[in-house]
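Given next are the chains, with one letter for each unit.
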Amino acid sequence: MVKIRLKKFGSKKRPYYRIVVQDVRSPRDGTTIEEIGVYHPIEAEDKQISFKEDRAKYWIGVGAQPTDTVKQLFNKKGLTL
């Protein structure tokens, strides 16, 4: 099974995440199938989330399940699932 989830980067107290498509069995920071966006939780509100909407729709269309956090991020940017 494939999931759309967050992959953590950054340093202590300066988190930075990539929105990635990964196999469920892979560890959080393991190998990815595709990187489709980024999430900066400490940036200004309008610069926090950016992702490739067409690729997200494609992966959801072929059966990838977004995690709860990623669903919230997509809804925040206006992508309905």
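Residues numbered from 1 in each chain as written. Predicted model: local features only at pLDDT ≥ 70, side-chain atom pairs only at ≥ 80, totals over all residues. Heavy atoms only, no water.

Overview of the overall build of the protein
Counting its regular elements, the protein contains two helices and five strands. When the helices and strands of the protein are read in sequence order from the N terminus, they spell out β-β-β-β-α-β-α. Its C-alpha atoms give the protein a radius of gyration of 12 Å, within 12% of the compact-globule value 12 Å for 81 residues. C-alpha atoms of the protein, sized along the principal axes, occupy 35 × 30 × 20 Å. Partitioning the intrachain contacts of the protein with sequence separation of at least 6 by distance along the chain shows that 34% fall at a separation of at least 24. (Helix = DSSP H or I, 4+ residues; strand = E, 2+ residues; numbered from the N terminus. Rg over C-alpha atoms; globule rule 2.2 N^0.38 Å. Contact = heavy atoms within 4.5 Å.)

Topic: unusual backbone geometry
One can expect most non-glycine residues to show negative phi and most peptide bonds to be in trans. Its identity as a non-glycine residue notwithstanding, K13 has a phi of 65°, on the positive side. Considering the arrangement of structural elements, one finds K13 in the loop between β1 (2-11) and β2 (14-23). For K13, a relative accessible area of 74% gives the class exposed. (Buried < 20%, exposed > 50% of the residue type's maximum accessible area, 1.4 Å probe, protein only.)

Quick look at helix α2 (residues 68-77)
Residues three or four positions apart in an α-helix share a direction because the helix packs 3.6 residues into each turn. Regarding α2, the residues found buried are V70, L73 and F74. Within α2, the buried residues cover an arc of 100° as seen down the axis, which keeps them to one side. Exposed side chains of α2 directed beyond 90 degrees from the buried face belong to D68, Q72 and K76. On its buried face, α2 sits against β1, β2, β3 (34-39), β4 (49-51), α1 (53-61) and β5 (65-66). One or two positions beyond α2, positive phi appears at G78, with a value near 95°. (Arc of directions from axis to C-beta.)

Some remarks on the pairing of β1
Two elements, β1 and β2, share 10 bridges in a ladder whose sense is antiparallel. Residue pairing for β2: I4 is matched across the bridge by V21. Taking the residues that link successive antiparallel strands as the turn, the β1-β2 hairpin has two residues, and the phi of K13 there is positive, at about 65°. Judged from the two bridges that link them, β1 and β5 form a sheet pairing that is parallel. (Pairing = 2+ DSSP bridges.)

Honestly, it's all geometry; don't read function into it.
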